[in-house]
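Fold and contact review
Here is how the chains run, residue by residue.
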Amino acid sequence: MGTLTYMLAVILGLVQGLAEFLPISSSGHLALLQYFFGIKGDSVLLFTVLLHVGTLVSVFICYWSDIVELIKEFFLTIADVCRGRGLRIDSSPHRRLMAMIIVATIPTGIIGVLFNDTFESFYSNIVVIGAGLIITGIILKVAEKIGSGKKDVMKMNYRNAIFTGIMQGIAITPGISRSGSTLFGSLVTGLERKFAVKYAFLISIPSILGSFVLELPAAVKAGTAGMPVGPVLVGVLVAAVSGFIAIKWMISVVSNKHLSGFSYYVWILGAFVIFWGVTH
C-alpha cells in the first residue's frame, strides 16, 4: 500500500488521536494496523510522525491556560536565577508543576535515547506488542483499584515525578500505553486523581515532542512518495479532534475510576495478537 489515501489517513489519524490518550497504546495499534493491512512502514512513516503534531494540538487546546502559565513561569524562573534569587520552585503552583514536568521528562528521555533501537525492533514483532497490551491491562486494573491520593502539585515531590517519568519511558514499548503507565505512576505515588490526569497529559508534551524529533530524520530519509498534502492534512486534523475527545473522556473515566473496560479490551486484543503471532 504505497499511496496515502483519504480513508487510510482518517483511520490512522483516528487511531493515533484516540489511542494516544486513551490507555490502549497508540504505538501498538498503529503497528498492528500496518501489520494486518499490509501497510509498509516506510510508505507512511513521515505521516505517522506528523500525526504527533495533531495530538500535540489537542493537548494544547485542553490545557491552554496551564501551558501559558507554565511558559510564563519558565521565563520568570530564568529571570530569578539571573538576579541571584535562585529557582524559587515553590513560589507558585505552576512553577512547581513546571519543575515536576522537567524532572519526569529526564528519565523518559534517557530511556528513549539509550533503548530507542531496541524499542524500534519490537514494532515488527506482534507477539511483543500483544504482551505489551496484556501488561497495559494489568496496569490499568491496578490503577483502578488505587484509592484517590491527596497530593496536589505543591505536595508532590521529585521521587513522584521520577517514578512517573520512568513509567512513561517504559511505555515507549509498543503495546504498553503511555497514558495508562503515567496514570499508574501518578496514582501509585499518591497524586489526587484529577491532578494525576492533568499531570499525565502535560508530561506527554515533551515526550511527544521528543518522539517527533527522534523519528523525523528517519521519516524524512524515507521520503515523501505517496504523501499527498490533502490526506496528510485530513489525518492530522482527525488526530487533533479525536485526541481532544479522548482527553476529555479520560478526565471523566479516571475521576470515576472506570478503567476496567479498557483493561478487558487490551487483554482480549493482546491475547488474540499473541495467538496470531504464535500460530502464523
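Let me begin by describing the structure that accompanies this report. (Residues numbered from 1 in each chain as written. Predicted model: local features only at pLDDT ≥ 70, side-chain atom pairs only at ≥ 80, totals over all residues. Heavy atoms only, no water.)

**Digging into the packing of aromatic side chains**
Rule in force here: Put simply, two rings from Phe, Tyr or Trp (the six-membered ring, in Trp's case) pair if the centres are within 6.5 Å, and we call them stacked under 30 degrees between planes, edge-to-face over 60, tilted for the rest. Secondary structure elements are taken from DSSP: a helix is a run of H or I of four residues or more, a strand is a run of E of two residues or more, and numbering for both begins at the N terminus.
With the rule as written, the count across this model stands at 13 aromatic pairs. Judged by centre distance (5.5 Å) and plane angle (85°), the rings of Phe21 and Phe201 are edge-to-face. Here Phe201 lies in helix 9 (residues 193–202) and Phe21 lies in helix 1 (residues 6–21), a separation of 180 residues in the sequence. Among the aromatic side chains, those forming a connected cluster through ring pairs are Tyr35, Phe36, Phe272 and Trp276.

**Topic: the pattern of salt bridges**
Quick reminder of the rule: A carboxyl oxygen of Asp or Glu within 4 Å of a side-chain nitrogen of Lys or Arg is what we treat as a salt bridge. Burial classification: accessible surface area is computed with a 1.4 Å probe over protein chains only, and a residue below 20% of its type maximum counts as buried, one above 50% as exposed, and the rest as partly exposed.
Under the criterion given, the structure shown has nine salt bridges. Lys198 is the salt-bridge partner of Asp66, the closest N and O atoms lying 3.4 Å from each other. Linking Asp66 in helix 4 (residues 64–82) with Lys198 in helix 9, this pair joins segments that are 132 residues apart in sequence. For Asp66, a relative accessible area of 11% gives the class buried. Here Asp80 and Arg95 are joined by a salt bridge, their closest N and O atoms 2.6 Å apart. In this pair, Asp80 is assigned in helix 4 and Arg95 in helix 5 (residues 93–122), connecting sequence segments 15 residues apart. The burial state of Asp80 is the same as that of Arg95; both residues are buried. Put simply, Glu73, Asp80, Arg85, Arg88 and Arg95 are held in one network by salt bridges that share partners.

**Observations concerning helix 2 (residues 26–36)**
Where we set the bar: Any two residues whose heavy atoms approach within 4.5 Å are treated as being in contact.
Where burial is concerned, most of helix 2 is hidden: eight out of the eleven residues are buried. Those residues of helix 2 hidden inside the fold are in contact with helix 1, helix 6 (126–145) and helix 12 (260–279). Phi for Gly38, located one or two positions after helix 2, is positive at around 65°.

**A word on the environment of Asn125**
Rule in force here: As used in this structure description, the phrase polar contact means that two N or O atoms lie within 3.5 Å; if the pair is within protein, one of them must be able to donate a hydrogen and the other to accept it, and residues adjacent in sequence are counted only when both atoms belong to side chains.
With respect to the helices and strands, Asn125 occurs in the loop between helix 5 and helix 6. A sequence separation of 93 residues divides Asn125 from Leu32, and the C-alpha atoms of the two residues are 9.6 Å apart. Here Val127 takes part through its backbone nitrogen, which lies 3.1 Å from a polar atom of the side chain of Asn125.

**Side note on the nonpolar core**
So the rule is basically this: Buried Ala, Val, Leu, Ile, Met, Phe, Trp, Tyr and Cys residues that are joined via side-chain atoms within 4.5 Å together make up what is termed a nonpolar core.
The biggest cluster of nonpolar side chains holds 53 residues, and the ones touching the most others in it are Tyr63, Leu97, Tyr199, Leu202, Met250 and Phe262. With seven residues, the top contributor of residues to this core is helix 9. With residues near it in sequence (within four places) discarded, Leu97 still touches Leu70, Val153, Phe195, Tyr199 and Leu202. Leu4, Leu46, Ala219 and Ala239 belong to the second-largest nonpolar core, a separate cluster that totals 18 residues.

**Regarding the packing of helix 1 against helix 2**
Worth spelling out the cut-off: Every axis corresponds to a line fitted to the C-alpha atoms, with the helix fit spanning only the stretch in contact, and the corresponding angles, defined between N-to-C directions, vary from 0 to 180 degrees. The labels follow the angle: roughly parallel below 35 degrees, roughly antiparallel above 145, roughly perpendicular from 65 to 115, and oblique for the rest. Two helices cross in a left-handed way if the nearer one is turned anticlockwise from the farther one by less than a right angle. They cross in a right-handed way if the turn is clockwise. Under the scheme applied, nonpolar residues are Ala, Val, Leu, Ile, Met, Phe, Trp, Tyr, Cys and Pro; charged residues are Asp, Glu, Lys and Arg; polar residues are all the others, including Gly.
Packing of helix 1 against helix 2 brings their axes to within 8 Å, and their N-to-C directions diverge by 155°. The orientation of helix 1 relative to helix 2 falls into the category roughly antiparallel. For the element pair helix 1 and helix 2, the recorded crossing hand is right-handed. Together, Ile11, Leu12, Val15, Gln16, Ala19 and Glu20 of helix 1 and Ser26, His29, Leu30 and Leu33 of helix 2 make up the contact between the two elements. Its residues placed into classes, the contact of helix 1 with helix 2 shows six nonpolar, three polar and one charged.

Honestly, it's all geometry; don't read function into it.
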